[in-house]
Number of protein chains: 6
Amino acid sequence: MSNNNSKTITVVSAHSADFIWRAGGAIALYHDLGYQVRVLCLSFGERGESARLWKNGKNLDEIKQVRRSEAEQAAEILGAKVRFFDAGDYPLQPTAELRDGIVQEFREHQPEIILTHSLEDPYNYDHKRTTDFVLECRILAQAEGYPSQHGILGAPPVFLFEPHQPEQCNFKVDVLLDITSVFERKRKAMECMNAQEHLWEYYTELARRRGMQAGRNSGSAINISGSTIKYAEAFQRVYPYVGGLLV
Amino acid sequence: MSNNNSKTITVVSAHSADFIWRAGGAIALYHDLGYQVRVLCLSFGERGESARLWKNGKNLDEIKQVRRSEAEQAAEILGAKVRFFDAGDYPLQPTAELRDGIVQEFREHQPEIILTHSLEDPYNYDHKRTTDFVLECRILAQAEGYPSQHGILGAPPVFLFEPHQPEQCNFKVDVLLDITSVFERKRKAMECMNAQEHLWEYYTELARRRGMQAGRNSGSAINISGSTIKYAEAFQRVYPYVGGLLV
Amino acid sequence: MSNNNSKTITVVSAHSADFIWRAGGAIALYHDLGYQVRVLCLSFGERGESARLWKNGKNLDEIKQVRRSEAEQAAEILGAKVRFFDAGDYPLQPTAELRDGIVQEFREHQPEIILTHSLEDPYNYDHKRTTDFVLECRILAQAEGYPSQHGILGAPPVFLFEPHQPEQCNFKVDVLLDITSVFERKRKAMECMNAQEHLWEYYTELARRRGMQAGRNSGSAINISGSTIKYAEAFQRVYPYVGGLLV
Amino acid sequence: MSNNNSKTITVVSAHSADFIWRAGGAIALYHDLGYQVRVLCLSFGERGESARLWKNGKNLDEIKQVRRSEAEQAAEILGAKVRFFDAGDYPLQPTAELRDGIVQEFREHQPEIILTHSLEDPYNYDHKRTTDFVLECRILAQAEGYPSQHGILGAPPVFLFEPHQPEQCNFKVDVLLDITSVFERKRKAMECMNAQEHLWEYYTELARRRGMQAGRNSGSAINISGSTIKYAEAFQRVYPYVGGLLV
Amino acid sequence: MSNNNSKTITVVSAHSADFIWRAGGAIALYHDLGYQVRVLCLSFGERGESARLWKNGKNLDEIKQVRRSEAEQAAEILGAKVRFFDAGDYPLQPTAELRDGIVQEFREHQPEIILTHSLEDPYNYDHKRTTDFVLECRILAQAEGYPSQHGILGAPPVFLFEPHQPEQCNFKVDVLLDITSVFERKRKAMECMNAQEHLWEYYTELARRRGMQAGRNSGSAINISGSTIKYAEAFQRVYPYVGGLLV
Amino acid sequence: MSNNNSKTITVVSAHSADFIWRAGGAIALYHDLGYQVRVLCLSFGERGESARLWKNGKNLDEIKQVRRSEAEQAAEILGAKVRFFDAGDYPLQPTAELRDGIVQEFREHQPEIILTHSLEDPYNYDHKRTTDFVLECRILAQAEGYPSQHGILGAPPVFLFEPHQPEQCNFKVDVLLDITSVFERKRKAMECMNAQEHLWEYYTELARRRGMQAGRNSGSAINISGSTIKYAEAFQRVYPYVGGLLV
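What you see is a predicted model, and the numbers here were worked out from it, not measured in a lab. (Residues numbered from 1 in each chain as written. Chains lettered and ligands numbered in written order. Predicted model: local features only at pLDDT ≥ 70, side-chain atom pairs only at ≥ 80, totals over all residues. Heavy atoms only, no water.)

## Observations concerning the overall build of chain A
Each helix and strand in chain A was counted, giving 7 helices and 8 strands. Taking 2.2 N^0.38 as the reference for a compact globule, 247 residues should give roughly 18 Å; the C-alpha atoms of chain A span a radius of gyration of 18 Å, in line with that estimate. Oriented by its inertia axes, the alpha-carbon framework of chain A measures out at about 55 × 50 × 35 Å. The buried share of chain A, reckoned over its 247 residues, is 65%. Relative to all contacts within chain A whose residues are 6 or more apart in sequence, the contacts with residues 24 or more apart total 77%. Element-wise, carbon and sulfur atoms account for 46% of the exposed surface of chain A, whose accessible area totals about 8500 Å². For chain A, the centre of its 28 positive side-chain charges and the centre of its 32 negative side-chain charges are spaced 3 Å apart. (Helix = DSSP H or I, 4+ residues; strand = E, 2+ residues; numbered from the N terminus. Rg over C-alpha atoms; globule rule 2.2 N^0.38 Å. Buried < 20%, exposed > 50% of the residue type's maximum accessible area, 1.4 Å probe, protein only. Contact = heavy atoms within 4.5 Å. Areas by Shrake-Rupley, 256 points an atom, 1.4 Å probe, with all protein chains shown as cover. Lys, Arg positive; Asp, Glu negative; His and termini not counted. Charge placed at Lys NZ, Arg CZ, Asp CG, Glu CD.)

In structure tokens:
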């Protein structure tokens, strides 16, 4: 059960660093809003996303250990609690056990919002398989007859991360999330990934680009004052927004 | 200039009754939130959507008068101010004058939100032509060099009405707006349309159907308590949402 | 082997009630046309679609029994013969045995038409998995080299049910089937589902809505006489229509 | 009013030869079914589809005359009555007069079925503009308030021709029409187009290709007996099929 | 006629600066390959893309003059010859005269390749209208019967610029053009646009981002040596590639 | 390791004859360019694509032997080396062993280009499953941490075969490959398939059709000289082209 009555937001990451590049801003923002942020890393990305460590001669266990440690540091900076499932990567192959683990996790923590990867990605099968898997686990967690000691899940909205090459993944930008107030922490979290230094600047530039587009879409970039949004993250919604306002 | 500092929401309706069936709930809701709601009727729907009046032997001017009167009654019930452009329908053919009229309207009233028809509709060319036209007028109103005595428009989001046969129009449901609190007034506004009595129940059923789906998408229909959303309207977004929350 | 030379139409339903809500009209109509209608229920929907029974404290076996009994009653009203595979739901996981069972069923009964779920459904993985599975079984049944005591299947057209939220499932309405003559029986069949009373009216309204659209698309609603189509069901085709008329 | 009570099918062709290559089989087939077939040629294709005549030194009027004569011969072979609007091509620019002409034509002849070009064609703007124009004229003809001495049009289905490069035009094959019984006449009609001899074999091969696919989709090619469909034409539907059978 | 036998590549730009941001690299590259590069600016972007000049109190003629001068400087740096049509912007409204002007331009210069804007852009109607217009002019220029003193155009491929918000424009990345060797000149050309300084860095970052993706898609970023592609521009193809290699 | 330093192109074929009909021209062309062409047949198509052999009373082993022999003859004519995985068909079910086999094959031979089936095919599940599988194997072969004695794969482009009914498979024609120079050999290779004689002419006609379209898209069919492209094969790209030219 989630402690101290705070609401929960859950981020499911195929590999141990994805949550940092793709949702680090959202995590820090929801931490600041008082949410408990849970990050579920299905694998460490030990085979597919640790090229430099392999080239440096590390073995599988050492690589997992490095990746775990870096992810924990980054999560701490962002204000998230990270849980590792160590299910293997390249290929990531969701088992019945992993499925039940995620369903029980959703049942126990009752996330208000779920974040995960994009629906398509011709460059990364682990990513799209994770998305497909998470969407199914969410549905199973909603079923009254699914065996569990916890109550059923409601219908939390699901937001999808921006993939590396969005146009090739048919990614649609439904939300431009203003992460200006927390960007400094996202940058620090990214810098925990020692083996992927070339990506620090890449994702900083991406945040600026999405920030500029946020200004364009909210009107502030057009006004004289200049936009106050400097950094943003893009997300795609899976289900319609429901509520009493046009947003 | 809009009076008394209230924010404005503007609804552009190809024919004089569209705004009632398709956005009557949104209008009443935003009226209740303190917005000035402006409805712009490009035509009266005198040729294409007044079959019963023609069959009853009315002539063109009489039909326009009936349609104007009905729309005004409905708008009053919903809390909107309606402006008629009388640009003709079937086919509706936006002229340079009409375009400038809409641009100046947007400049003067600075709507925070714009509502109009769907992007596609193989059953109704006036509808999709209106959408295309409104999107362009919004862009022109944003241009510093467009001649006007009023300042430029920001970047108000645009929401699209649900068309009559949504699947044939590639309509996407991005927002399910809870109109339960104002549905009674929407029903009364619909009942102003004397010649289209068969549509009163049709759009009441549609609101219930969207209301049930709203429950499904927000989790409340699944919980024991039962959904509190009874009626909803569906809308599609044109531009991404920008802000500090995942919505 | 199918008895007494009548042609067969086969409906594959992921859970035991789907065939009623989604194709009850088509079933009764083809029964009246002299077809043998076979309904294949892959599961009872015991975990995912029996919330009220779980809340009432029933156990798994009791729930399956209730669901089986209700489905049999409904099938009898509609004029169909129902076969249960009891393959489990939430998640439904097609096994090699289930696959061979369906292939042999298709080989033995040689359906002229196959009906099943939609290609996509982000709310229901069992549904889309069933569709994918049925389409593959149909192909296997066409293969000369697939081991069986029955002859190969021809190329029966496949029609897809309308899902609960058609726009979210990219459902295309290719056919509006006039079920006016059999709607009363569909309503009675729906009323066999005691635990889902809220859906009786929902699917009655949907049938009216599709009926009104059928009128619009066939011209009768526009003519003075008024449409004679009151109720319809929507289906999507998977393969092109082949024949000597433009239909 | 159409003479002698026969039903009408109307084919709208951007240029004077399109109807032969793309719908010659359908025309002959419906002629044989007792329909009056009306072909409306918006232009002669004098500028864009008469390259050889220009190269042979013919002038504009001569080319129009040749094209008219060839189209009339072909129409006679197919059993159609052809009407020329001479509206110009490359670019074809529908005027208000042409629009009214087509609307009145539809009102007077009350076609049961309308055939025209594809929705998209990046190789031929006249074609897609014709489609767009025809769809609008059909809607105008349905409107009670559109001025005319003839009664309103119902809701005839619209079928779209196969374009030259279907994949580039997002053309969907919804119907494979068996034209085996009339193919010989289609071939003769094609041979009236003296300047486009290279297309005779091209469209014969296409008819065979679509015929073979028709066999695949109807099961006959898979059975031992062999398909009886040798030639077919492909069409896309614009509106759903409405009726009492799953077709 | 194009001088000195060099091949021609033609870039059609809705406003006078578009060609710099969106195709400056391609222009410099083809200049270096010995092509004559022709830039056709349909308007100066005087109303819609000169906000700072309006705010500084310039009038329409002054703004056009500034924009012309900047474009000419940029074109000279890139090695292109620029031709201005001064057709007005916001809205850009292609006339019959402009259409004939572009057709004759294509006939006279026989471009081997044509570049222009994207097919869709909900933020910029001038852009998508230009694309639609250019595609039609290319088709008209191919028609034997279109009046001209120059011979017909062949079938030059068309490449589309990357729009400002590619995901909202359904832009597909078909080509990542390596512009590393000419990027310095593109940067200098961008710096000619004094009023749009904020875009210099924006488009430099974009070129880096596309360059990194080019590495990912060609394998070099994955190899130890590191990619030699630092900067790239993205383009979408309209027509298939034809040739003797799989590219 | 590939012998004698020649570059490699690898074709993955679900069944033993697919590579001939769908890529025989590309294979012969790349052979002539000096490439080593490797064909990987995952199955013999023994169950699903050998109808005539089954009807002639052959057993499973005999059929596999015939299919192997025919494929070897065809491969020799085309200049390819064929490797059989005998993984079974209808359904083809990629195992972990098969996956590792393909990954090691890619690692060892380092193909510069990979060819395989289309992304979708509602008529042939083995085909689309093969494509999905090949795309994943390519990604795994790129991962530094995937266990192998061979070095990692770069990022070879992937080209997809034209499926039997391209419009039903959402197949996009990105490349029209001129196979005129090698068509005679493709025809001979097709004629090795004794049991599928009806397909020889079918695929010859298809090559002519694609050849004519190649002329249309390269301009040569419009010029007086006449196209020199007589035969072509169509392919779809999966990843963007990267390079220094607009192709």
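Moving on from the model shown.
## Quick look at the pairing of strand β7 (residues 232–237) of chain C
Residue and element names in this part refer to chain C. A large share of β7 lies buried, amounting to 6 of its 6 residues. Across the two faces of β7 the burial is the same, with A232, A234 and Q236 and E233, F235 and R237 all buried. Two strands pair when backbone bridges link them, and strand β6 (residues 175–178) and β7 are joined in this way by 4 bridges, in the antiparallel orientation. Across the sheet, D178 pairs through a bridge with A232, a residue of β7. (Pairing = 2+ DSSP bridges.)

## Overview of the interface of chain B and chain E
Each side of the interface is counted separately: chain B has 14 residues, and chain E has 15 residues. With both chains or domains summed, chain B and chain E bury close to 1300 Å², and 60% of this area falls on carbon and sulfur atoms. Interface area lost by chain B to chain E is led by E136, I139 and E144 of chain B, which between them contribute 38%. Summed over the shared surface of chain B and chain E, the number is 2 salt bridges. Linking D132 of chain B and K128 of chain E is a salt bridge whose minimum nitrogen-to-oxygen distance equals 4.0 Å. Linking chain B with chain E are 4 residue pairs in polar contact (both at pLDDT 80 or more). (Buried area = accessible area lost by both parts, 1.4 Å probe. Salt bridge = Lys/Arg side-chain N within 4 Å of Asp/Glu carboxyl O. Polar contact = N/O pair within 3.5 Å; in protein donor to acceptor, adjacent residues only side chain to side chain.)

## Examining the relation of the copies chain B and chain E
When chain B is fitted to chain E, the best match, at an RMSD of 0.0 Å, comes from turning it 120 degrees and sliding it 0.0 Å along the axis. Taken together, the rotation and translation relating the two chain copies correspond to the operation of a three-fold axis. Scanning chain B for the C-alpha nearest the rotation axis identifies E120 of chain B, at a separation of 8.2 Å. (Least-squares fit on C-alpha atoms with pLDDT ≥ 70 in both.)

## As for the pattern of salt bridges
Going through the model one piece at a time under the given rule, you end up with 89 salt bridges over all chains. Between E233 of chain D and K186 of chain D there is a salt bridge; the shortest N-O distance is 2.6 Å. One end of the pair, E233 of chain D, is in strand β7 (residues 232–237); the other, K186 of chain D, is in helix α6 (residues 183–190), and 47 residues separate them in sequence. Look at K186 of chain D and you get buried, because its relative accessible area is 2%. The partner of E72 of chain E in a salt bridge is R68 of chain E, and the shortest N-O contact between them spans 3.8 Å. With E72 of chain E and R68 of chain E both in helix α3 (residues 60–78) and 4 residues apart, this pair spans about one turn of that helix. The class for E72 of chain E is partly exposed, based on a relative accessible area of 35%. Given the relative accessible area of 29%, R68 of chain E is considered partly exposed. Beyond isolated ion pairs, a larger network of salt bridges with shared partners links R187, E191, E201 and R208 of chain A together with E205 of chain E.

## Re the sheet that holds strand β5 (residues 158–161) of chain E
On the basis of which strands lie adjacent, the open sheet formed by 8 strands has the order β3(E)-β2(E)-β1(E)-β4(E)-β5(E)-β7(E)-β6(E)-β8(F) and mixed pairing. The sheet is open, and its two borders are formed by β3 (80–84) of chain E together with β8 (241–243) of chain F, each paired with just one other strand. Taking the axes of each pair of neighbouring strands and ignoring which way they run, one obtains an average angle of 25 degrees across the sheet. The pairing of strand β4 (residues 113–116) of chain E with β5 of chain E spans 3 bridges and is parallel. The residue of β5 of chain E that forms the bridge with T116 of chain E is L160 of chain E. Helix α1 (residues 18–32) of chain E contacts β1 (8–13), β2 (36–41), β3, β4, β5, β6 (175–178) and β7 (232–237) of chain E of the sheet and is inclined by roughly 95 degrees relative to β7 of chain E. Packed onto the sheet, helix α7 (residues 197–218) of chain E meets β6 and β7 of chain E together with β8 of chain F and runs at close to 70 degrees relative to β7 of chain E. (Axes fitted to C-alpha atoms, helices over the stretch in contact; angles between N-to-C directions.)

## Here's the deal with the interface of chain D and chain C
Counting residues at the interface gives 36 residues for chain D and 37 residues for chain C. Between chain D and chain C, roughly 2900 Å² of surface is buried when both sides are summed, and carbon and sulfur atoms account for 67% of that area. The largest per-residue losses of area from chain D upon contact with chain C belong to V242, L246 and V247 of chain D, which jointly make up 25% of the total buried on that side. For the interface between chain D and chain C, the tally reads 0 salt bridges. The tally of links between chain D and chain C comes to 12 residue pairs in polar contact (both at pLDDT 80 or more). Elements with a contribution of two residues or more to the side of chain D that touches chain C: α1 (18–32), β4 (113–116), β6 (175–178), α7 (197–218), β7 and β8 (241–243) of chain D. Split into classes, the residues belonging to the side of chain D that touches chain C amount to 25 nonpolar, 7 polar and 4 charged. Bridge analysis of strand β8 (residues 241–243) of chain C against β6 of chain D gives 3 bridges, and the strand direction is parallel. Counterpart to Y241 of chain C in the pairing with β6 of chain D is V175 of chain D. (Nonpolar A, V, L, I, M, F, W, Y, C, P; charged D, E, K, R; others polar.)

## Re the relation of the copies chain D and chain C
Least-squares fitting of chain D to chain C yields an RMSD of 0.0 Å, with the transformation described by 0.0 Å of translation along the axis and a rotation of 180 degrees. Here the two chains are linked by the operation of a two-fold rotation axis. When C-alpha distances to the rotation axis are compared across chain D, the minimum falls at V247 of chain D, with a value of 3.6 Å. Most of the interface of chain D is mirrored in chain C, where 100% of its interface residues again form contacts.

## Description of the confidence of the model for chain A
Residue and element names in this part refer to chain A. Counting all residues, the mean pLDDT for chain A is 94, and 95% of those residues have values of 70 or more. Scored below 50 in pLDDT, residues 221–226 makes 9 contacts in the model with residues more than four places away or belonging to other chains. For this predicted complex, the interface confidence reaches an ipTM of 0.94, while the overall pTM sits at 0.96. (pLDDT = per-residue confidence, 0-100.)

## A few points about unusual backbone geometry
Following Y90 of chain A, the chain continues to P91 of chain A via a peptide bond in cis, the omega torsion being 0 degrees. The backbone of D86 of chain D sits at a positive phi, close to 50 degrees, despite the residue not being glycine. Looking at the element boundaries, D86 of chain D is found in the loop between β3 (80–84) and α4 (96–109). A residue is classified by how much of its surface remains accessible, and D86 of chain D, at 39% relative accessible area, is partly exposed. Non-glycine residue Y90 of chain E carries a positive phi angle of around 45 degrees. Relative to the assigned elements, Y90 of chain E resides in the loop between β3 and α4 (96–109). Among the residues examined, Y90 of chain E registers a relative accessible area of 8% and is labelled buried.

## Some remarks on the pairing of strand β5 (residues 158–161) of chain D
Residues and elements named next belong to chain D. Following the backbone out of β4, through helix α5 (residues 125–142) and into the adjacent parallel β5, one traces a crossover that is right-handed. Across 3 bridges, β5 lies against β7 in antiparallel orientation. When the bridges of β7 are listed, L160 appears paired with Q236. (Right-handed = clockwise from strand over helix to strand, strands pointing away.)

## As for helix α4 (residues 96–109) of chain C
All names here are of chain C. The end-to-end C-alpha distance of α4 is 20 Å, a good match for the 20 Å that 14 residues give at a rise of 1.5 Å each. Among the residues of α4, those classed as buried are L98, R99, G101, I102, V103, E105, F106, R107 and H109. Elements in contact with the buried residues of α4: β1 (8–13), β2 (36–41), β3 (80–84), β4 (113–116) and α5 (125–142). Two residues or fewer past α4, Q110 is found with a positive phi of approximately 45 degrees. (Expected span 1.5 Å × (residues − 1).)

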